[in-house]
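# A look at the structure
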Amino acid sequence: SCVHPDRPEPLDLHLGMFLPTLLNQATPEQMERFFTPAWNLRIIGTYAQTEMGHGTHLRGLETTATFDPSTQEFVLHSPTISSIKWWPGGLGKTSNHAIVLAQLHTQGRCHGLHAFIVPIRDMDTHVPLPGVVVGDIGPKFGFSEVDNGFLKLEHVRIPLDNMLMKFAKVEPDGTYVKPPSAKLTYGMVFIRSMIVGQSALALAKSCTIAIRYSAVRHQSELRPGEPEPQILNYQTQQHKLFPVLAAAYAFTFVGQYMKDTYRRISGDIHAGDYSQLPELHALSAGLKAFTTWAANAAIEVCRMSCGGHGYSRSSALPDIYVEFTPTCTYEGENTVMMLQTASRYLVKSYRQASVGQRLQGSVSYLSEAAAQRLRPRPVSGGAAPLSTQDLLSLVHLYQRRAASLVELAAKSIQQELQRGRSQEEAWNHSSIDLVRASDAHCHFVVVKLFVDKLEQVDDAAVKAVLSTLALLYALKGLADNSGDFLQAGLLTVPQATRVSARIKELLEELRPDAVALVDAFDLNDRKLNSVLGRYDGNVYEHLYEWARQSPLNATEVHESFHKYLKPLRSRL
Ligand SMILES: CC(C)(COP(=O)(O)OP(=O)(O)OC[C@H]1O[C@@H](n2cnc3c(N)ncnc32)[C@H](O)[C@@H]1OP(=O)(O)O)[C@@H](O)C(=O)NCCC(=O)NCCSC(=O)/C=C/CCCCCCCCCCCCC(=O)O
Ligand SMILES: Cc1cc2nc3c(=O)[nH]c(=O)nc-3n(C[C@H](O)[C@H](O)[C@H](O)COP(=O)(O)OP(=O)(O)OC[C@H]3O[C@@H](n4cnc5c(N)ncnc54)[C@H](O)[C@@H]3O)c2cc1C
């Protein structure tokens with residue numbers, strides 16, 4: 001990948017969104033005019049969609065692009081303070097172009113959001129062009145390496161051919177030509193798909209640091225009179241870290257699957273087959289939200305499991321967190337993405353299955369569930385026997401939980417409608433259930449993909465340890481969400497007790513292989529950039545060396561003594 005996923009950089013948007021958007025939405029002539037100079041960094045671009053007043057609600061974006069047939073130009077304008085483009089990475093000081101998403105107006109009609117290439121700085125002097133007010137939005141929670149910026153356009157004129165016209169077009173006389181599918185101009189599916197792999201990388205780095213450190217850190221007393229044990233021998237430490245390790249492997253496989261699926265379906269789209277776009281949108285939106293939320297929480301578990309040294313930037317864990325956490329917000333705020341997957345895919349699929357339609361792809365289980373509902377329920381009605389060893393039965397359990405929560409959400413909407421609420425109100429009053437349904441659907445997809453992957457592993461020893469990780473991932477998820485399974489009649493209290501006992505056994509089974517399993521991520525010391533996660537385990541000497549390098553230690557007596565402490569003393 002041309003983007004360096006390790007640390008945010010001002011060119012991330014150029015490489016991660018400007019170039020891919022050209023590839024997806026530029027005509028061959030526009031590729032020639034823009035892609036080549038952009039590839040050579042003559043043109044440096046960003047993706048300017050979000051405005052001060054709107055990030056999620058794309059239809060609410062206010063920037064306008066009005067076609068002027070007399071000059072064959074678009075006039076780009078920011079009509080209000082809230083329409084100022086706000087947040088785009090690299091916009092403040094780095095980029096000299098921006099792909100600006102604006103409401104297209106031509107022949108007196110608005111045709112919605114379209115993408116326009118807008119030069120914003122002089123290619124030689126880098127001075128903002130006439131009508132362009134651009135700058136940095138100021139310090140943030142992190143991402144200090146990136147100049148996220150603002151852009152105010154004051155009747156800026158660009159040529160007709162600067163509108164990305166691979167799909168929609170504006171003719172010289174101002175006639176608007178619709179795209180083959182309105183969904184093609186949304187974009188963002190590429191990055192959302194890639195972010196799933198970023199979640200895996202963040203987890204792999206964090207648990208590598210925490211597990212290696214837990215193997216070299218000795219603390220307290222397990223058996224009186226014996227030496228202090230490795231903290232990795234404490235069951236609580238294993239209970240914190242081994243599920244994160246299992247998730248790192250799970251998300252690695254899901255990230256690969258997501259990339260492959262993106263490549264396959266975007267290939268179909270380029271060939272004019274848009275049929276799989278809804279599945280790609282739903283999967284990328286849901287898995288982006290599911291994996292980033294999980295990884296975001298897990299990074300903090302890893303940091304806190306390293307005690308005080310985890311809070312030191314020498315551990316790298318604070319930086320990993322600060323750089324990863326905005327993935328829950330950008331590229332589609334997670335709650336909104338979960339709602340997209342539920343409302344635009346799961347509930348729609350549920351309704352299709354309920355009238356007997358055979359579903360394909362990741363929702364095919366909804367057809368099975370619909371058929372199940374038509375069959376007489378077994379008298380016992382109780383939960384099926386639970387195997388805490390059989391992965392396929394656990395996959396089926398997750399599938400049934402997802403089907404149950406999708407049905408619960410769909411029925412909630414129906415009940416709200418029967419109470420006389422409007423469609424919109426009924427959906428809003430069911431949105432907690434909709435998010436739960438998406439979460440359960442994504443969780444099923446992750447567990448299924450993990451188990452599917454095992455079928456591709458030939459080495460018996462590797463397959464055995466990965467199976468143990470998959471079991472831990474599935475059972476830990478079952479324990480964490482036992483309410484869903486109990487409520488759906490898929491689990492009994494005695495079975496839940498057995499799950500907890502089995503998890504303890506798995507932690508013990510994984511202990512001997514834990515360090516080898518993080519070494520297998522093959523993250524070298526430079527990439528980890530962590531004193532606690534060093535491959536050689538030589539933590540204390542390097543921690544002391546790292547501290548000695550601190551700028552505050554450049555002098556034995558810091559200037560603050562003379563500037564503040566001494567004068568303060570003399571006044572007391
Ligand atoms: C979708 C919304 C939430 C709602 O939009 P709305 O117009 O109201 O639409 P709906 O009515 O809900 O739906 C209409 C139909 O359209 C379908 N739909 C919706 N979205 C899409 C889509 N994206 N694709 C396809 N189809 C879509 C929907 O299903 C409906 O279909 P149907 O009618 O039911 O059939 C919308 O408002 C929205 O999307 N909001 C979110 C806005 C958003 O995402 N903003 C992001 C701005 S850009 C940004 O944040 C950038 C951040 C930069 C971060 C730094 C990145 C650095 C690069 C790192 C890259 C790493 C690469 C590593 C490579 C490697 O690992 O190798
Ligand atoms: C580090 C960083 C980099 C970014 N880079 C870029 C970039 O390069 N280009 C770009 O264009 N943008 C960028 N963004 C902006 C980002 O895409 C938006 O912040 C994001 O889309 C969320 O929109 P918002 O900020 O308006 O939040 P809002 O949508 O206002 O969200 C606030 C709250 O409202 C809730 N909410 C909103 N709508 C709904 C709904 N329909 N149903 C239920 N709840 C809802 C959300 O769940 C959330 O809890 C970046 C943001 C960050 C933090």
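Residues numbered from 1 in each chain as written. Chains lettered and ligands numbered in written order. Predicted model: local features only at pLDDT ≥ 70, side-chain atom pairs only at ≥ 80, totals over all residues. Heavy atoms only, no water.

## Quick word on the sheet that holds strand β4 (residues 85–86)
The three strands are arranged β4-β8-β7 in an open sheet whose pairing can be described as antiparallel. Both edges of this open sheet fall to β4 and β7 (132–136), since each of them pairs with a single strand only. Looking at chain direction, β4 and strand β8 (residues 149–153) are connected through two bridges and run antiparallel. Bridging from a neighbouring strand, Lys 85 pairs with Leu 151 of β8. (Pairing = 2+ DSSP bridges. Helix = DSSP H or I, 4+ residues; strand = E, 2+ residues; numbered from the N terminus.)

## A few points about the site of ligand 1
Neighbouring ligand 1 are 30 residues; Thr 56, Arg 59, Lys 183, Tyr 186 and Lys 348 lie closest to it. In the environment of ligand 1, an oxygen atom lies 3.4 Å from a nitrogen or oxygen atom belonging to the backbone of Leu 58. At a separation of 2.7 Å, an oxygen atom of ligand 1 approaches a polar side-chain atom of Arg 192. In the complex, the protein chains occlude 84% of the 1400 Å² of accessible area that ligand 1 would expose alone. Contributions of two or more residues to the shell around ligand 1 are made by α1 (12–25), α3 (189–216), α5 (277–304) and α8 (334–354). Counting residues per element, the shell around ligand 1 draws most heavily on α3, at five residues. (Near = heavy atom within 4 Å. Polar contact = N/O pair within 3.5 Å; in protein donor to acceptor, adjacent residues only side chain to side chain. Areas by Shrake-Rupley, 256 points an atom, 1.4 Å probe, with all protein chains shown as cover.)

## Side note on the environment of Ser 530
Inspection of the secondary structure puts Ser 530 in the loop between α17 (525–528) and α18 (539–548). Sequence separation between Ser 530 and His 542 is twelve residues, and the spatial gap between their C-alpha atoms is 9.9 Å. Once residues within four sequence positions are removed from consideration, Ser 530 is found in contact with Ile 209, Ser 314, Ser 315, Ala 316 and Asp 525. A polar contact is formed between the side chain of Ser 530 and the backbone oxygen of Ser 315, at a distance of 2.7 Å. Of the polar contacts made by the side chain of Ser 530, one reaches the backbone nitrogen of Gly 533; its length is 2.9 Å. (Contact = heavy atoms within 4.5 Å.)

## Focus on the UniProt feature "active site" (unreviewed entry) in the chain
Taking the UniProt record as the reference, the feature "active site" (unreviewed entry) is found at Glu 331. Contacts of Glu 331, omitting those with residues within four sequence positions, involve Met 17, Met 188, Ile 191, Arg 192, Ile 195, Lys 288 and Met 337. (UniProt positions renumbered as here; feature names shortened; annotations may be inferred.)

## Some words on the environment of Ile 195
Positionally, Ile 195 belongs in helix α3. Sequence spacing of Ile 195 and Lys 563 is 368 residues, and the spatial spacing of their C-alpha atoms is 48 Å. In contact with Ile 195, other than residues within four places in its own chain, are Lys 288, Thr 292, Thr 327, Tyr 330 and Glu 331.

## Topic: the UniProt feature "domain: Acyl-CoA oxidase C-terminal" (unreviewed entry) in the chain
Annotation from UniProt places "domain: Acyl-CoA oxidase C-terminal" (unreviewed entry) at residues 393–568. Helix makes up 74% of residues 393–568 and strand makes up 0%, while its end C-alpha atoms are separated by 71 Å.

## Notes on the packing of aromatic side chains
Each aromatic ring pair is characterised by the separation of its centres together with the angle its planes make. All told, the structure shown has 13 aromatic pairs when counted by the stated rule. Pairing Phe 74 with Phe 116 gives two aromatic rings, centres 5.0 Å apart and planes at 70°, and the pair type is edge-to-face. You can see Phe 74 sitting in strand β3 (residues 73–77) and its partner Phe 116 sitting in strand β6 (residues 109–119), a full 42 residues away along the chain. For the pair formed by Phe 74 and Phe 116, the shared burial category is buried. Taking 5.7 Å as the distance between ring centres and 20° as the angle between the ring planes, the aromatic pair formed by Trp 86 and Phe 150 counts as stacked. Of this pair, Trp 86 sits in strand β4 while Phe 150 sits in strand β8, and the two are 64 residues apart along the sequence. (Phe/Tyr/Trp six-rings, centres within 6.5 Å; stacked < 30°, edge-to-face > 60°. Buried < 20%, exposed > 50% of the residue type's maximum accessible area, 1.4 Å probe, protein only.)

## Concerning the pattern of salt bridges
Applying the stated criterion to the full structure yields 25 salt bridges. Arg 7 is paired through a salt bridge with Asp 319; the nearest N and O atoms lie 3.9 Å apart. One end of the pair, Arg 7, is in the segment before α1; the other, Asp 319, is in helix α7 (residues 317–324), with 312 residues separating them in the sequence. Look at Arg 7 and you get partly exposed, because its relative accessible area is 35%. Residue Glu 154 pairs with Lys 152 through a salt bridge whose shortest N-O separation is 2.9 Å. Among the residues examined, Glu 154 registers a relative accessible area of 35% and is labelled partly exposed. The network of salt bridges with common partners includes Arg 7, Glu 145, Arg 313, Asp 319 and Glu 323. (Salt bridge = Lys/Arg side-chain N within 4 Å of Asp/Glu carboxyl O.)

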